[in-house]
Amino acid sequence: MDSNATGNVAYISLRIYENANRPETKKFRTRVSSFDSDHLSTVIKKGVRIYLEDVSTNRGDVDANAVDDAIKRIRKMTCGTTDPSAMNLVQFINDPHATVALLDCDDSPIINKGIDIYLPKAIEVVDVDDVSESPKKKPKPNAFEVLRGRELLLNVQYLEFDTDLDRERNIADEIGDAICAVFSDINLGYVTGDQQALLKRNHNTMKNSLCFIRKHWPTLIRASFPHIPVEEEIQFSKSKLLIALADTTCGKKDSQSMQVEKIAHHISALSKLLWNAFAIPAFKEAIDSIKAETKYLTDILERHRSYLKGKLSPAMRSITSGKSRGVASAFKKNLNLVQLSEDEFHVQIDSAFRPNRPKMQRSKFATSVKDSVTNVFSILRHSNDYMPVFLNDAMMGIDKFANDTSDSFMSPVSRAKYRHKFRDELAYGIAHMTIHVFGKVNSGSDTDSLFVWKVPTVQSPQHVGLVAKTIESCRKSLPKEVSKEAVRQFNAVINGLTSLPAKARDALRNIIFADDPNPDESLADEYIDFVMNVCAGEPIDESMLVDGRASNSRGGKGFDATKFDEFWTACKEVLMPDARAEERRHSDVMYSSEAHSIPNLIAKATAVLQKKVVDGKLDELPPIPCQEWVACQFVPNCAHRDAASKFTGRLEMKRAVQSRTLRKEHPDEHWVRALIRYYKEWMVELKHDEKFDGIEYWGQDDKAKIPIGEQVHVSTGTRANNRGMVSATNDNHLNAGDHDYVVGRVIPHVSLHTNIPPDMSGSFFVGDEETGCGQIYVTLTDAVFDPSEIFDHCAQLIDALEDKKLKPTVLVLQTDGGPDHSLRRVAVKLALVALFLELQLDRLVVLRCAPNGSAGNPVERSMSVLNLPLAHTSLRRADMPPYAEDAMKNVNSMAALRQLACKMDGKQKEAAKEKANLEQRLNAALACNDLQSFISKHDFVETAQVNATISSIYSFAGVKLGRNNNVTAAMETDDGGVQVERSGTLHVDVLRHQLAQVDPSASRNFRNDWSESVKKPMDLIAEKFAQLETSGRKVIVRPRVTADKVQALHSQLEKVDPNYSSAIMTKEHLGKVPLIGQFIETHGVISPYHVDLVKCKNHACCGELKTPLHVQELALQRQPTPVNDPANAGHFYCRNDALKVFAGNTAAFTNLSDLPSQSVEKATTKAEKKKRDTAIAKALGKNIWAANRVRCFVTCFHCAKRRCVYSPDKAGYLLAATALTQKLESVSERYSCGDLLFDDSDPLSKVLVQKMNLTCESDIENGYYNDHDRALRLQDICFHCGETEDTGSAGTFLLGQKQLEERCLTGGYTCRPICVECLEMKRKVVTFGRKDELKAREEKRRAHSRSTS
């Protein structure tokens, strides 16, 4: 033992074998002591020395040279296994770094399992004592003795296959190496030059034949790579050449077509191999082994040659001739078919070698077969490998086809035909799945006895045993499965013929199949008597034959008795509340019931019964049935199915479906999901590995706007996954107004408190009922006058945190990146900074999904929960005052409604102003009347001054006095004449009348009236949402936050920069608040898809960190952006590898080099879009994309860039403009660059034309900018980013032609506008038109003079 060795002492078992191919011939076994820091060679030398001493005739010491020679001949070393694929440790013998500790692992458990050493025996050990004290030259071996085999060969060499290192390694090279390895394994070497030449020649012949076999492996071996089929295990599994051939990997391009001549050539070549140069006893065992190997190869080739010539053996001929029993014709052409017995077969259907299916038009019959086979494949795909599935008639889809065709009693001939078609379809297999079929096909109309299961495409060494085990389990379960199928078919027939009670039916079945009506003594006497009377032909109890669907006597004692009567009555009160129809319903339409699901119906009915108990109407709470039984009480769609037998008719209800967005893949989606996974792994590690409860994960998104009808109820548009509940007597089913475009809509703002699971396989939604913490929060707002706004969302999140009494120090927020969450927008960044400051967080991480990739947002799963009460629901707003309803008659969009509101606001202000004027005049007139009355009552003398004062007041009131200070008025009489009236109070009456007329207009508030009208459906939606729960936690419906909470966020920004105001919204405005910009730069890391804000170390700026010290490093750990992994093409680094690779590299936090959208768009996709745009231009005229064809623009809700809408003529556009507005509103304004609002098949697409070859990274279209021939004048925007500029700051942020000329950037061309930020980012100034050489020279001269000065 090395004196310098250190570490733990271990005793390692060594097992030495003489023949690597026969490990059972164990030669020697020992244990040696070693430190775990010892080299592998030290341990091996110890064991080999002990072995040589043991086999030596003299037990003395063995020479070190003999030990070294023996070690050089070691061909293989493994750890306690005979698996040919196990790690060979020979490569580490001469490695100076290969210590026992480093090599001891799962693949090579040296210390636990020891080492198996395979040492060839072609060596003669020379005893040390036989060597004389004065060593002499070793004598040469006697040639005669060598030839007679009386002396062992001392210098055997083994053939090595030479390959050209300058070219790529191919399959022939790999097979050549495999043959050399087999030669070495069986100790077939050479001593003389003749032996070497012959061995090389035979090696080349065998290599050519093996290449041929390898090419046609699936046909010759009847299996896909790499295994040998179980039925050929005995014949070929001992062939070392075939096993080595199965392990080859290069160029697996297989063929199934062969010529008999080529097969004969290879058979002849292998049969004529000569081994005469090796005719000595020392090579006898090796030559016998290699001859056996060539015999295996010729047998395989001869078998297939006989098959091609039609000269098969009787066993093989029975499989392919179609005369075998129990084998379906669909499988007989499969070369993997094996006849296990006279009536059993086993076949492998490999997806890689399935035959091509002929093209034909499918009938309803064939389509049903295809769907049934697809369903079987789907079941297999989701089941475990080697898990058999029994193919009964139900699994084959026969029963479903019978029900769909209203032929419950499908004839035996039709059933047999269906099974035949099913087997034919099954024989084609399915892509990416290898299946096995076992069993037999019964003749005539009897049910098949077939099992099917899937296996791995690449099988393990245990595959053969697992297949055999599966077949044996199928044989054992076959009788049970056949019995179950017979019982099932019997029950189906009886149920179709009569409504016999289930227990009477069971007794009848028992006496037919078992000659005993009650073999297990589980049936009541009344059922046994009924069956015995039927069999004896005696009178029977006819009450047994009543319609079980109407009796529902479960738990009762006789006909029409049930213990659920009270419950069914309560259900009817819930489902058909006639007393509460109100104006929500009309007499001719039945709208959705109060219950939106079976559990919800049971809960509501139970609440009704509990109220009756409290009111004293019931003594105790009646029994409540289970969900399954309640579900069976709705009118069945098909009266012939088994479930229909459980329908009782008590509920008189049925379930019906109410009759009545743009999405595409984004190239950044993979990159974004990798980034989000980084942060999820970080959250799991921080919360559960470090036990830190100060981190919270939230998601926010707006659910699709819910439409609200005007004069009729309109469907919510939610697609239902199940049927709704309506009265069984309702002929109108479940109807709603078919209005594609509505004015009113409600926005559900959803906030999800997301669960952080203990590992990545857990739920990032709400979690389970015991350990989860997730919960859904919803706030409803009016889409017309209260749209989504980022500061409102942040305030709503703070409100939800306060509701749950959470005070996190680290907050992760994930959004969908819509217009109110887009991280490209300055307003969103400002709101996030305000949220960070208001919550006093140590860290805020905001993640957004890729465009059109909101499905990756956990909050998106909340939408399916919220869809439950919205399905089968129709809504209508309440009526507004008559003036508002009259004004709404011509309103057909939200934009028109907003314009109407502004117009109504103006009228209201004018009326209020007029009202105030009339009130002043009326007060003045009343004051004058009071003054005159006072003078006349106290006999005051009317002086000229008093009269003048009274006259001036009356004049202000708009009244002119007549004689005796009376007001004179002319009035038209009934006969057409004129009557003069004089009265001292007439003017007051007139003013009061005018005031009464103007007062309603002055007090009107159209916006409030609209809000009140939509409040009723909003309250209904909120009520339905509040009934939902997930994992035992209720959905919380919160009111909209107050303006004070929103203002608090703005106040936080004012503290950072006093120049801030709520009007700061765009890039241009950001320059007005430099301190906020500096704060974002020093505290945040921003990419297009995430924002990461962290407190700085300046306590005066951010204060102390609240996160505990022991987790601060991990809590504040920034995650790098995804970067391509060079070792795994098409994938990014995993988080742990990325942290190691980019440790200490701050640039990795914003590295966008591998962000797909930053690179060039895929050529194929871009070419297809460009081809479509070109085709549109040809169809509508080449100038369709010209600037004078632009009629309006739409704004992308991801990047906020404006995209043009073209139209061939203005008149056509004006007619279609309303449809465009309604279409945008129907998709909640969620237009994305490159989307087509109207598909090319829609006639409107020829009127409202759009470009498809656009992405969010594309520049603004040239047609957007104003053209001298176009009446439409649009605001200039940056050509690259689409940012606008306020009119008050023209030329400071957005640089037009004039500003670019002043900066000498035009080069004599006309230029598109560009903003200062894009210019600073070195974005190109885009030019068009002809170059003005004079301007270019002048500009160049000015630029030169500026640089020199």
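Q: Quick question: what am I supposed to make of the overall build of the chain here?
A: Looking only at helices and strands, one finds 44 helices and 32 strands in the chain. Relative to its full complement of 1349 residues, the chain shows a buried share of 45%. Here the chain displays about 69900 Å² of accessible surface, and carbon together with sulfur accounts for 50% of that area.

Q: Can you walk me through a negative patch on the surface in this structure?
A: A cluster of like negative charges, contributed by D768, E769, E770 and E1029, occupies part of the molecular surface. Tracing the backbone shows D768 in the loop between β15 (744-754) and β16 (775-782). Exposure remark for D768: the relative accessible area of 38% places this residue in the partly exposed category.

Q: In this structure, what is going on with the pattern of salt bridges? I would like to understand it.
A: As a working rule, side chains carrying opposite charge can pair if their charged atoms are close by. Here the structure, examined in full by the defined rule, presents 38 salt bridges. Here D393 makes a salt bridge to R419, at a shortest N to O gap of 3.0 Å. Of this pair, D393 sits in helix α15 (residues 393-396) while R419 sits in helix α17 (residues 412-427), and the two are 26 residues apart along the sequence. Under the relative-accessibility criterion, R419 is labelled buried at 2%. We note a salt bridge from D1092 to R843, for which the minimum N-O separation is 2.5 Å. One end of the pair, D1092, is in strand β26 (residues 1090-1094); the other, R843, is in strand β18 (residues 843-848), and 249 residues separate them in sequence. One exposure class covers both D1092 and R843, and it is buried. Among the ionic contacts, a cluster of salt bridges with common partners joins D799, E802, D803, R1038 and K1045.

Q: What is the right way to read the sheet that holds strand β7 (residues 389-390) from this model?
A: Within a sheet, neighbouring strands are paired by backbone hydrogen bonds and run either parallel or antiparallel to one another. Strand order across the open sheet formed by 5 strands is β5-β6-β8-β9-β7, with antiparallel pairing between neighbours. The two strands at the open ends of the sheet, each matched to only one other strand, are β5 (338-339) and β7. Looking at chain direction, strand β8 (residues 434-440) and strand β9 (residues 449-455) are connected through 7 bridges and run antiparallel. By the bridge assignment, I435 is partnered in β9 with K454. Contacts from helix α14 (residues 364-381) reach β7, β8 and β9 within the one sheet, and its direction differs from that of β9 by about 50 degrees.

Q: Is there a simple way to think about the pairing of β26 in this case?
A: Buried residues dominate β26, accounting for 5 of its 5 residues. Burial along β26 is two-sided: H1090, D1092 and V1094 and V1091 and L1093, pointing in opposite directions, are all buried. Summarising the sheet, β18 and β26 pair through 5 bridges and their orientation is antiparallel. Bridge assignment links L844 to a residue of β26, and that residue is L1093. As paired strands, strand β25 (residues 1084-1087) and β26 are joined by 4 bridges and run antiparallel to one another.

Q: I keep staring at unusual backbone geometry and nothing clicks. Help me out?
A: Across residues other than glycine, the phi torsion is negative in most instances, and most of the peptide bonds are trans. Within the chain, K691 stands out as a residue other than glycine whose phi angle is a positive 55 degrees. Assignment of secondary structure puts K691 in the loop between α25 (669-689) and β11 (695-702). Of note in this structure, Q840 is not a glycine but carries a positive phi near 55 degrees. Relative to the elements of secondary structure, Q840 occurs in the loop between α27 (826-838) and β18.

Q: Where do I start with the packing of α27 against helix α34 (residues 1043-1056) in this structure?
A: Direction vectors running N to C along α27 and α34 enclose 90 degrees, while the axes themselves pass 8 Å from each other. Between α27 and α34, the angle is such that the two are roughly perpendicular. Residues L830, V833, A834, L835, L837 and E838 of α27 lie in contact with α34, whose contacting residues are A1048, L1049, Q1052, L1053 and V1056. Broken down by class, the residue content of the contact of α27 with α34 amounts to 9 nonpolar, 1 polar and 1 charged.

Q: What's the story with the packing of aromatic side chains in this structure? I'm lost.
A: Two measures describe an aromatic ring pair: the distance that separates the ring centres and the angle between the ring planes. Counting across every chain of the model gives 15 aromatic pairs. Ring geometry for Y679 and W682: centres 6.0 Å apart, planes at 90 degrees, overall edge-to-face. Here Y679 pairs with W682, and both are found in helix α25, just 3 residues apart, close to one helical turn. According to the relative accessible area criterion, Y679 is buried, its value standing at 0%. For the cation-ring pair, K680 lies above F764, with the distance from its terminal atom to the ring centre recorded as 4.8 Å. When the ring centre of F1328 is taken as reference, the NZ or CZ atom of R1312 above it lies at 3.9 Å.

Q: Help me understand α14, please; the structure alone is not making it clear to me.
A: In a regular helix each residue adds 1.5 Å, so 18 residues correspond to 26 Å; α14 covers 25 Å between its end C-alpha atoms and thus fits that length. Turning to α14, its buried residues number three or more, namely F365, S368, V369, S372, V373, V376, F377 and L380. Those residues of α14 hidden inside the fold are in contact with β7, α15, α16 (398-404), α17, β8 and β9.

Q: Teacher, can you tell me more about the side chain of R877 here?
A: Mapped onto the elements, R877 comes out in the loop between β19 (874-875) and α29 (882-887). Relative accessible area serves as the criterion here: at 1%, R877 is assigned to the buried category. Of note is the side chain of R877, whose polar atom sits 2.7 Å from the side chain of E710. Sequence-distant contacts of R877, that is, excluding residues within four places in its chain, are made with I708, G709, E710, Q711, E885, M888, W1010, S1013, V1014 and P1017.

Q: Can you walk me through the environment of A605 in this structure?
A: Relative to the helices and strands, A605 is located in helix α23 (residues 598-614). Separated by 19 residues in the primary sequence, A605 and I624 have C-alpha atoms spaced 9.2 Å apart. Those residues in contact with A605 that lie beyond four places of it in its chain are F567, A570, C571 and V574.

Q: Just to check I follow, could you spell out the environment of P1058 for this structure?
A: Within the secondary structure layout, P1058 lies in the loop between α34 and α35 (1067-1070). Here P1058 falls in the exposed class, since its relative accessible area comes to 66%. The spacing of P1058 and I1076 is 18 residues in sequence and 9.7 Å in space, taken between C-alpha atoms.

Calculation rules
Residues numbered from 1 in each chain as written. Predicted model: local features only at pLDDT ≥ 70, side-chain atom pairs only at ≥ 80, totals over all residues. Heavy atoms only, no water. Helix = DSSP H or I, 4+ residues; strand = E, 2+ residues; numbered from the N terminus. Buried < 20%, exposed > 50% of the residue type's maximum accessible area, 1.4 Å probe, protein only. Areas by Shrake-Rupley, 256 points an atom, 1.4 Å probe, with all protein chains shown as cover. Patch = residues over 30% accessible without salt bridge, like charges linked within 9 Å, V, L, I, M, F, W, Y side chains within 5 Å. Salt bridge = Lys/Arg side-chain N within 4 Å of Asp/Glu carboxyl O. Lys, Arg positive; Asp, Glu negative; His and termini not counted. Charge placed at Lys NZ, Arg CZ, Asp CG, Glu CD. Pairing = 2+ DSSP bridges. Contact = heavy atoms within 4.5 Å. Axes fitted to C-alpha atoms, helices over the stretch in contact; angles between N-to-C directions. Parallel < 35°, antiparallel > 145°, perpendicular 65-115°, else oblique. Nonpolar A, V, L, I, M, F, W, Y, C, P; charged D, E, K, R; others polar. Phe/Tyr/Trp six-rings, centres within 6.5 Å; stacked < 30°, edge-to-face > 60°. Lys NZ or Arg CZ within 6 Å of the ring centre and 35° of its normal. Expected span 1.5 Å × (residues − 1). Polar contact = N/O pair within 3.5 Å; in protein donor to acceptor, adjacent residues only side chain to side chain.

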